[in-house]
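# Structure at a glance
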Amino acid sequence: MTMTTEPTTQSGPRKQAPAGHAAPKPHKKHSARKRGAGSYAVIAAVGIFVLAFLSPFGIILLNSFKTGADYRANGSLSLPEEWNWAVIGDVWERVEFTQKLVNSIQISLGVVLIAVVLALFNAYAIGIGRVRRRTAFLVFFLGINVLPQEGLVYPIYYLFKEMGLYDGKLGYTVLVGITYSAFGTYLLASVFASFPRELIEAASLDGAGRWTILWRIVLPMSWPTLSVMCVFFFVWSWNEFLYPLVLLISNDNQTVPLGLSVLQGQYSSDPTSLSAAALLGVIPMVVFFLIFQRSLTRGLTAGAVK
Amino acid sequence: MKTTRHPRSTGYAVFLAPGLLLSLLFLVVPLVMTLYYSLTAWQGIGEPAFTGLDNYTRLFQDADFWASFRNIGFVIVGIAVVPTLLGLFLAALLFDYIGKKHGDGVVGVFRSGLYLPQVIPVAVTGLMWGWILAPEGAINSVLETVGLSSLTQNWLGDPDLALWMVLAVLVWMQLGYPLVLFMSGLQRIDPELYEAASLDGATWWQRFTRITVPILRPEVYVVLVTTTIAGLKVFAQIFVLTGGGPGNSTLVPAYFAYQNFFERADVGYGSAISTTITLLVLIIAGTMLTRQAREDG
């Protein structure tokens, strides 16, 4: 369960409109910027804290390029004697990393598509169509959204086996897409609640049908929220663990995190390989983070924590 | 009001149909099935045998189950309480101090850095920390390099240490969530309020406790509730870091349920465990929802 942070996507009336958002900046510039020595001490302290906080990433970066002998001789904090790619290459091949990347990308894109389309339809009916019992439907989706996966996973595993969906991307993608659509419905419905109704009424008078209104008016206007949702659903889907652990077992279907985490057991006596595996797992999401940082930190704020 | 709205609201129900049907099929049906399995003895093959509340009786007498709930208490501290407190402090520091003296650029970098663990797959985070904390891992290797080999530990293999290590990793993973949420909440504050307080001689700490924290109350509430729910569901971290061990020292309910489903083929019992978690989660979420509805009027 997660909430929105941005006022424009918030349902609650207690948050300010974007006008309040822009206010803080212009005032300040002239007066308050007195930088005493103390302020540099504070910034240095926080800087050190952040560096220490991020040091695990640095450590796996260093050690993924070492040979086992180098690691044993020089420990984990030294620079590699030479930057060798052999360990990373070896792990890459052993886990069939290319295949895993393809799987993860395919699945996550599919999940995003299904989740966003379903959420858009649901929210259109609830927020704009104001169907009867809409509050009950909203509560339903909210409830679905918090259900723990461990409470559903066994019957899903059983039913997927019965239906031939087990260990296949299709069933899995649909399942995760539906799961996320509940959150998307809740979020979009609250955005749509404040949608300018004159627009819809005007279009309606001009003879536009429900599909036209959705496609031509609602969709373009909710694009900012939708794009943030896409980014988050992609990350969530990429990072899923329990469902893919149970439902996707073959190499052809396994996702990146799962493919790598099985190495824990195999490589327990091979520190540099384990480090390389962690590095391979970290890189795609760091890249993604650098590209979509704005959406990720300013849009909704998501639990990595479902 | 009703008369103007009613004619317009026909014809929209069709948009709700696919989402509703699929949710029922893929989520509600399994939910009901788990509830039913929890009242049976079943190995996952053949027919489940109805046993009433036997699984629940067994559950409440099971030391592993209680251990898993005690550990969940720790997990919630690591995932909800500590990140919230630390996040409040850091958000205020970044927003009200560093941001004002040194501008938004450096604040943005710090915020992004602290948020980064949130987007890394939990399994990979577990792999990374598992490696760092391993007997031959980075921490022990550092300690040996600086001549403190007497302090080396089997960090995740020692029953007295493992849970604390899990807690520390959870804090590390989770800090970015409240931080980003709080910093965004702070945008609401009228800067004049801080300025007026400063002019009246309020210290940073006074502004923190009298202005920042009260204003962020809605965010704190959201963070505590959502992360407590997340805490009840914690699985991947435990699966990858410790496998619930050593012994049951880091066992959590979700992992306990998983073991019963897939390792011990005790589906009925696993279902009872997961039904219990589901109920708890729904109760907490329901409480939050009604409280929020009341506040919004």
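Model, not experiment: these values are computed from the prediction. (Residues numbered from 1 in each chain as written. Chains lettered and ligands numbered in written order. Predicted model: local features only at pLDDT ≥ 70, side-chain atom pairs only at ≥ 80, totals over all residues. Heavy atoms only, no water.)

## Here's the deal with the overall build of chain A
Along its length, chain A carries 16 helices and zero strands. When each of the 306 residues of chain A is scored for burial, the buried share is 55%. Taking the intrachain contacts of chain A between residues at least 6 apart in sequence as the baseline, contacts between residues at least 24 apart amount to 75%. Surface summary for chain A: the accessible area is close to 13100 Å², and the carbon and sulfur share equals 63%. (Helix = DSSP H or I, 4+ residues; strand = E, 2+ residues; numbered from the N terminus. Buried < 20%, exposed > 50% of the residue type's maximum accessible area, 1.4 Å probe, protein only. Contact = heavy atoms within 4.5 Å. Areas by Shrake-Rupley, 256 points an atom, 1.4 Å probe, with all protein chains shown as cover.)

## Focus on the overall build of chain B
A count of helices and strands for chain B gives 15 helices and two strands. The C-alpha radius of gyration of chain B comes to 24 Å, more than 25% above the 19 Å expected for a compact globule of 297 residues. Projected onto its principal axes, the C-alpha coordinates of chain B cover approximately 80 × 75 × 30 Å. Of all 297 residues assigned to chain B, the portion counted as buried reaches 57%. (Rg over C-alpha atoms; globule rule 2.2 N^0.38 Å.)

## A few points about the packing of aromatic side chains
The geometry of an aromatic ring pair is captured by two quantities: the separation of the ring centres and the angle between the planes. According to the stated counting rule, one finds 56 aromatic pairs over all chains in the structure shown. Each ring, one from Tyr71 of chain A and one from Trp131 of chain B, has its centre 6.3 Å from the other, and the planes form 45°; the classification is tilted. Taken together, the residues Tyr71 of chain A in helix H4 (residues 68–74) and Trp131 of chain B in helix H6 (residues 122–133) connect one chain to another. Across this residue pair, the class does not change: Tyr71 of chain A and Trp131 of chain B are buried. Taking 4.7 Å as the distance between ring centres and 70° as the angle between the ring planes, the aromatic pair formed by Trp92 of chain A and Phe97 of chain A counts as edge-to-face. Over the ring of Tyr166 of chain A we find Lys161 of chain A; its NZ or CZ atom is 4.9 Å from the centre of that ring. (Phe/Tyr/Trp six-rings, centres within 6.5 Å; stacked < 30°, edge-to-face > 60°. Lys NZ or Arg CZ within 6 Å of the ring centre and 35° of its normal.)

## Topic: the domain arrangement of chain A
All names here are of chain A. You can read the domains of chain A as domain 1 (37–84) and domain 2 (96–298). Put simply, the middle of domain 1 and the middle of domain 2, counted by C-alpha atoms, are 34 Å apart. Counting residues at the interface gives 12 residues for domain 1, matched by eight residues for domain 2. Summed over both sides, the interface between domain 1 and domain 2 buries roughly 710 Å², with carbon and sulfur atoms accounting for 72% of that surface. Inspection of the region where domain 1 meets domain 2 yields zero salt bridges. Seen at the junction of domain 1 and domain 2, the total is three residue pairs in polar contact (both at pLDDT 80 or more). Elements with a minimum of two residues in the side of domain 1 that touches domain 2: helix H3 (37–63) and H4. (Domains from an automatic or database assignment. Buried area = accessible area lost by both parts, 1.4 Å probe. Salt bridge = Lys/Arg side-chain N within 4 Å of Asp/Glu carboxyl O. Polar contact = N/O pair within 3.5 Å; in protein donor to acceptor, adjacent residues only side chain to side chain.)

## Brief notes about the interface of chain B and chain A
The interface of chain B with chain A comprises 107 residues on the first partner and 115 residues on the second. Buried surface at the junction of chain B and chain A, both sides included, amounts to about 10100 Å², of which 72% is carbon and sulfur. Considering only the side of chain B, the residues that lose the most area to chain A are Tyr12, Phe15 and Trp131 of chain B, jointly responsible for 9% of the buried surface there. Note that Glu136 of chain B is salt-bridged to Arg72 of chain A, the shortest N-O span being 2.9 Å. Linking chain B with chain A are 13 residue pairs in polar contact (both at pLDDT 80 or more), by the criterion used here. Residues that form the side of chain B that touches chain A fall into these classes: 68 nonpolar, 25 polar and 14 charged. (Nonpolar A, V, L, I, M, F, W, Y, C, P; charged D, E, K, R; others polar.)

## Examining the pattern of salt bridges
Residues and elements named next belong to chain B. Summed over the entire model, instances satisfying the criterion amount to four salt bridges over all chains. Among the ionic pairs, Asp266 bridges to Arg58, the shortest N-O distance being 3.1 Å. One end of the pair, Asp266, is in the loop between helix H14 (253–263) and helix H15 (267–295); the other, Arg58, is in helix H3 (residues 54–60), and 208 residues separate them in sequence. Given a relative accessible area of 18%, Asp266 falls into the buried group.

## Some details on a nonpolar patch on the surface
Residues and elements named next belong to chain B. Together, Val77, Val81, Leu85 and Leu224 make up an exposed nonpolar region whose accessible area comes to about 300 Å². Structurally, Leu85 is set in helix H4 (residues 63–102). Of the residues examined, Leu85 reaches a relative accessible area of 56% and is grouped as exposed. (Patch = residues over 30% accessible without salt bridge, like charges linked within 9 Å, V, L, I, M, F, W, Y side chains within 5 Å.)

## As for the UniProt feature "transmembrane region" (unreviewed entry) in chain B
Residue and element names in this part refer to chain B. Here, UniProt's "transmembrane region" (unreviewed entry) annotation points to residues 12–37, 72–95, 115–134, 161–182, 220–241 and 267–289. Across residues 115–134, the secondary structure splits into 65% helix and 0% strand, with the terminal C-alpha atoms separated by 25 Å. Secondary structure across residues 267–289 comprises 100% helix and 0% strand; the distance between its end C-alpha atoms is 32 Å. (UniProt positions renumbered as here; feature names shortened; annotations may be inferred.)

## What to know about the UniProt feature "domain: ABC transmembrane type-1" (unreviewed entry) in chain B
Mapped onto the present numbering, the UniProt feature "domain: ABC transmembrane type-1" (unreviewed entry) falls on residues 69–290 of chain B. Taken end to end, residues 69–290 of chain B is 77% helix and 0% strand, and its first and last C-alpha atoms sit 26 Å apart.

## Structural notes on the side chain of Thr250 of chain B
All names here are of chain B. Along the chain, Thr250 falls in the loop between helix H13 (236–241) and H14. Within the local environment of Thr250, its side chain forms a polar contact with the side chain of Thr242, the two groups lying 2.7 Å apart. With residues near it in sequence (within four places) discarded, Thr250 still touches Asn71, Ala162, Leu163, Val166, Ile238, Thr242, Gly244 and Gly245.

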